[in-house]
Amino acid sequence: MNKTSYFRPEIDRMSGYVPGEQPKNIANLTKLNTNENPYPPTPKLEAVLRDFELDRLRRYPDPMSDAFRDAVARRWGVPREMVLAGNGSDDVLNLVFRAFSSPELSVAFPEPTYSLYPILAAMQGASVRRIALDPDTFAMPDDFAAQAAGANLLLIARPNAPTGNSFPLARIEEVCRNFDGIVLIDEAYADFAADHCMELAKKYPNVIVSRTFSKSYALAGLRLGYAVAAEPVIAGLMKLKDSYNLDALTQTIGLVAFEDEDYLREIVAKIKAERKRLRDKLAAFDFELIASEANFLFAAPPGGGGEALFGYLRELGIVVRYFPGPATGRFVRITVGTPEQDDRLLAAVADFLH
Ligand SMILES: *Cc1c(COP(=O)(O)O)cnc(C)c1O
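To start, this report covers the structure provided alongside it. (Residues numbered from 1 in each chain as written. Predicted model: local features only at pLDDT ≥ 70, side-chain atom pairs only at ≥ 80, totals over all residues. Heavy atoms only, no water.)

### Thoughts on the pattern of salt bridges
One pass over the structure, following the stated rule, counts 23 salt bridges. We note a salt bridge from Arg80 to Asp66, for which the minimum N-O separation is 3.4 Å. Remark: Asp66 occurs in helix 3 (residues 66-76) and Arg80 occurs in the loop between helix 3 and strand 2 (83-86); sequence separation between them is 14 residues. Several salt bridges share partner residues, and in doing so they unite Asp66, Arg69, Asp70 and Arg80 into one network. (Salt bridge = Lys/Arg side-chain N within 4 Å of Asp/Glu carboxyl O. Helix = DSSP H or I, 4+ residues; strand = E, 2+ residues; numbered from the N terminus.)

### Considering the sheet that holds strand 5 (residues 153-157)
Spatially, seven strands are ordered 2-8-7-6-5-3-4 in an open sheet, and the strand pairing comes out mixed. Every interior strand has two partners, whereas the edge strands, strand 2 and strand 4 (128-132), have only one. Recorded for the sheet is a direction-independent mean angle of 20° between the axes of neighbouring strands. For strand 3 (residues 107-111) and strand 4, the ladder comprises five bridges, and the chain directions are parallel. Following the sheet pairing, Phe109 is matched in strand 4 by Arg130. (Pairing = 2+ DSSP bridges. Axes fitted to C-alpha atoms, helices over the stretch in contact; angles between N-to-C directions.)

### Quick word on the site of the ligand
Around the ligand, the surrounding shell consists of Gly88, Ser89, Asp90, Tyr114, Asp186, Ala188, Tyr189, Thr212, Ser214, Lys215 and Arg223. At a separation of 2.6 Å, a nitrogen atom of the ligand approaches a polar side-chain atom of Asp186. Here Lys215 contributes a side-chain N or O atom positioned 3.0 Å from an oxygen atom of the ligand. Relative to its unbound accessible surface of 390 Å², the ligand loses 93% to contact with the protein. Residue composition of the shell around the ligand, by class: three nonpolar, four polar and four charged. (Near = heavy atom within 4 Å. Polar contact = N/O pair within 3.5 Å; in protein donor to acceptor, adjacent residues only side chain to side chain. Areas by Shrake-Rupley, 256 points an atom, 1.4 Å probe, with all protein chains shown as cover. Nonpolar A, V, L, I, M, F, W, Y, C, P; charged D, E, K, R; others polar.)

### A short note on the packing of helix 2 (residues 44-51) against helix 10 (residues 248-259)
Closest axis-to-axis distance for the helix 2/helix 10 pair is 10 Å, and the angle between their directions is 155°. The pairing of helix 2 with helix 10 is recorded here as roughly antiparallel in orientation. Judged by the twist between their axes, the crossing of helix 2 over helix 10 is right-handed. Side by side, helix 2 and helix 10 meet where Lys44, Leu45, Val48 and Leu49 of the first sit next to Leu249, Thr252, Ile253, Val256 and Ala257 of the second. For the contact of helix 2 with helix 10, a count of residues per class yields seven nonpolar, one polar and one charged. (Parallel < 35°, antiparallel > 145°, perpendicular 65-115°, else oblique. Left-handed = near helix turned anticlockwise from the far one by under 90°. Contact = heavy atoms within 4.5 Å.)

### Here's the deal with the sheet that holds strand 12 (residues 332-335)
One open sheet holds the three strands; their spatial order is 9-10-12, and the pairing between them is antiparallel. Across the chains shown, the open sheet's two edge strands, defined by having one partner strand only, are strand 9 (288-289) and strand 12. Note that strand 10 (residues 296-300) and strand 12 share four bridges and pair antiparallel. Within the sheet, the bridge partner assigned to Phe298 lies in strand 12 and is Arg333. Strands strand 9, strand 10 and strand 12 of the sheet are contacted by helix 11 (residues 261-284), whose axis makes an angle of about 5° with strand 10.

### Some remarks on the environment of Tyr204
Mapped onto the elements of the fold, Tyr204 is located in the loop between helix 8 (198-203) and strand 7 (207-212). C-alpha of Tyr204 to C-alpha of Arg177: the two residues are 27 residues apart in sequence and 7.2 Å apart in space. With near-sequence residues (within four places) excluded, Tyr204 lies in contact with Glu173, Cys176 and Arg177. Within the local environment of Tyr204, its side chain forms a polar contact with the side chain of Glu173, the two groups lying 2.5 Å apart.

### Overview of the pairing of strand 5
Burial analysis of strand 5 places five of its five residues in the buried class, the great majority of the element. Neither face of strand 5 is left uncovered, since the one carrying Leu153, Leu155 and Ala157 and the one carrying Leu154 and Ile156 both have all their residues buried. Examined bridge by bridge, strand 3 and strand 5 share two bridges and lie parallel to one another. Residue pairing for strand 5: Ala108 is matched across the bridge by Leu154. The pairing of strand 5 with strand 6 (residues 182-186) spans five bridges and is parallel. Pairing of Ala157 across the sheet is with Asp186, part of strand 6. Since strand 5 and strand 6 lie parallel, the crossover through helix 7 (residues 169-178) that links them has a hand, and here it is right-handed. (Buried < 20%, exposed > 50% of the residue type's maximum accessible area, 1.4 Å probe, protein only. Right-handed = clockwise from strand over helix to strand, strands pointing away.)

By themselves, these are just geometric observations and shouldn't be taken as functional.
This is the structure we're talking about:
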């Protein structure tokens, strides 16, 4: 027993992903920190859960999740072979990093963005190129494509997290057309946005678009996501996935939730209306606000004390998210809640500013 560690050196060097807090012991909690939906998932799921036959848990689930993939394929007008189902979109991201990054194959993404990307890159021992976004607006720099060139995998969260802004579709298409590698467009928040990139996944052989049920479908506890890409890309990712990456319950629930488009539209509309109301109120308090196409606002109090505001709110049981660092430290990220939740936040913000 002489070795100090049996791990691959990459694993020893990396730190694990730290998910947003799921507080357990806060009285009077208002939880606006992980972009969960403030509304419940479609009520159609009640009957699904009640009628689910226990015997189905005795058998293995469909390894290919075909019923769910067929529904996704119909929605987007693609063959089933262009759809991969994931145990959350983090499962999709994991597969994509394992497939397309290595010590020889580097990764690029904007900075700031979803903080899971550098961790997945570190697991692969892949080097990372961070492309700084505009420090005021978090827009893509003009030379974005040039900065990404040479990487084998480019990640673009659109709308971006934690900033909430989107990038122009035409710019994204230009990047996809010219990039000599895989572009993963992470559309975790696309249901809250004005447009999306699904057509690019149909048009370009190097584009993967991923979606999640955790935000707009109010099913973060379920773990369901999917990706759409050209058939050879999906076929390659299928080789890497867990044989049974979606359990039987998730496949059943996911299909029913996905098919209830009216309910999705209804709760997304409520959240978008509330996003505007919350934004206007914070603007009246002189907050700096990044234009949001997601279900959260990236908001800096006057003077830029993001960390102080975060701490003040937390003492009151109002939990938002804070991202330290030069680009993000003046902001807090606030999930759009119900009007009642947001009123509580706004009252606390008013006290903070006095
Ligand atoms: C929430 C989020 C995800 C993760 O979604 P899961 O399906 O819950 O794994 C992926 N990407 C971004 C940018 C997110 O904000």
